[in-house]
Amino acid sequence: MVLVLLVMVLLLVVLVVLVLLVLVVMVVLVLLVMVLLVMVLLLVVMVVLVLVVLVVLMLVVMVVLVVLVVVLVVLVVLVVLVLLVLVVLVLVLVVLVVVLVVLVVLVVLVLVLVLVVPVVPVLVLVVPVALVVEYEDPPTITESKSNEATTGRQASLKCEASAVPAPDFEWYRDDTRINSANGLEIKSTEGQSSLTVTNVTEEHYGNYTCVAANKLGVTNASLVLFSKYVKTEPGSVQVTGFPCFDLKPSLIP
């Protein structure tokens, strides 16, 4: 009986121990679950805090950007206003300058009307006479150039005259008027005339007369076409053609 009792006691003790162990395990499990829950809550809280911080930062950045955009818009508006003011000032200055120029022109016109108009009748009477006196002049021979020539060559005689109005030129030889023909060519421009012999012969040597004329008068000049010197004998020189002279050696150029 004692043994049975001992066995029963031992069994009860084992059962109690087992129950206690089960309770301890259950407590440990509960504690673990609670720790896990706490950790999960902490993680959730941290994630929420991070999200809140991110949202706040995004809001701050957006606000900063909006402020920058507003500032830029304000600056652009200010620049545009300044430019408009400058344009208006320039336009005002241009208008003032135009008004001043118009006023000066009006003053000058008034002065001209007051000072010049009474003098115009006198000028109308005096100016034509002065123009006639100043700008009309009878012809005057300013240069006449004789020439030497060799037979078979070309030679020219030139005559220049000043006159207002410009003179007309004529050429004569022995009171006979010369025309452009038979180897003779006459060219006349304003204030100058030339007589050209295209092929000089003995008959062409001699005196020529250049006549210049306009409505105020006539003038003339004599020119000579002569041949070159040719030696005829020792100690003398003869000029062939027209005119012909015997010259001493001391006169030879």
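Please read all numbers here as calculations on a predicted model, not as lab measurements.

1. A few points about the nonpolar core
- Core analysis: the largest hydrophobic core is formed by 18 residues, its most contacted members being Leu157, Trp171, Leu195, Tyr208 and Leu225.
- At the level of secondary structure, the elements contributing two or more residues to this core comprise strand S3 (155-164), strand S4 (168-173), strand S7 (192-197), strand S8 (206-214) and strand S9 (217-227).
- At four residues, the largest contribution of residues to this core is made by S3.
- Those residues within four positions of Tyr208 in sequence are excluded, and the remaining contacts are Leu157, Trp171, Tyr172, Arg173, Ile178, Leu195, Ala221, Ser222, Leu223 and Leu225.

2. Some details on the UniProt feature "transmembrane region" (unreviewed entry) in the chain
- In the UniProt entry, the feature "transmembrane region" (unreviewed entry) is given for residues 6-33, 40-61, 67-93 and 100-133.
- In this annotation, residues 67-93 is assigned 100% helix and 0% strand; the end-to-end C-alpha distance for the span is 39 Å.

3. A few points about the state of the cysteines
- Under the criterion given, the structure shown has one disulfide.
- Linked covalently through their sulfurs, Cys159 and Cys210 form a disulfide whose S-S length is 2.5 Å. For the disulfide bridge between Cys159 and Cys210, the dihedral angle about the S-S bond is near -85 degrees, and by the sign convention the bridge is left-handed. Residue Cys159 is found in strand S3, and its partner Cys210 is found in strand S8; the two are separated by 51 residues along the sequence. This pair shows no difference in class: Cys159 is buried, exactly as Cys210 is.

4. Considering the sheet that holds strand S6 (residues 184-189)
- The four strands are arranged S1-S3-S7-S6 in an open sheet whose pairing can be described as antiparallel. Only two strands of the sheet have a single partner each, and these edge strands are strand S1 (137-145) and S6. When the angles between neighbouring strand axes are averaged without regard to direction, this sheet yields 15 degrees.
- Alignment of S1 against S3, held across six bridges, turns out to be antiparallel. Across the sheet, residue Asp137 finds its bridge partner in S3, namely Val164.

5. Observations regarding the pattern of salt bridges
- Going through the model one piece at a time under the given rule, you end up with three salt bridges.
- When the shortest N-O distance is used, the salt bridge between Glu136 and Lys215 registers 3.3 Å. Of this pair, Glu136 sits in the loop between helix H2 (120-135) and S1 while Lys215 sits in the loop between S8 and S9, and the two are 79 residues apart along the sequence.
- The class for Glu136 is partly exposed, based on a relative accessible area of 30%.

6. A few points about the pairing of S4
- For S4 and S8, the ladder comprises five bridges, and the chain directions are antiparallel. Each residue of the ladder has a partner; that of Trp171, found in S8, is Cys210.
- Bridge analysis of S4 against strand S5 (residues 176-178) gives three bridges, and the strand direction is antiparallel. Across the sheet, the residue bridging to Trp171 is Ile178, located in S5.
- Counted between consecutive antiparallel strands, the loop separating S4 from S5 contains two residues, among which Asp174 sits at a positive phi close to 55 degrees.

7. Considering the confidence of the model for the chain
- Predicted confidence across the chain gives a mean pLDDT of 85, with 83% of residues reaching 70 or more.
- Counting interchain partners and residues more than four positions distant, the pLDDT-below-50 stretch residues 129-133 has one contact.
- In the predicted structure, residues 230-253 sits below a pLDDT of 50 and forms 36 contacts with residues beyond four places in sequence or in another chain.

Rules of the game
Residues numbered from 1 in each chain as written. Predicted model: local features only at pLDDT ≥ 70, side-chain atom pairs only at ≥ 80, totals over all residues. Heavy atoms only, no water. Core = buried A, V, L, I, M, F, W, Y, C linked by side-chain atoms within 4.5 Å. Buried < 20%, exposed > 50% of the residue type's maximum accessible area, 1.4 Å probe, protein only. Helix = DSSP H or I, 4+ residues; strand = E, 2+ residues; numbered from the N terminus. Contact = heavy atoms within 4.5 Å. UniProt positions renumbered as here; feature names shortened; annotations may be inferred. Disulfide = S-S within 2.5 Å. Pairing = 2+ DSSP bridges. Axes fitted to C-alpha atoms, helices over the stretch in contact; angles between N-to-C directions. Salt bridge = Lys/Arg side-chain N within 4 Å of Asp/Glu carboxyl O. pLDDT = per-residue confidence, 0-100.

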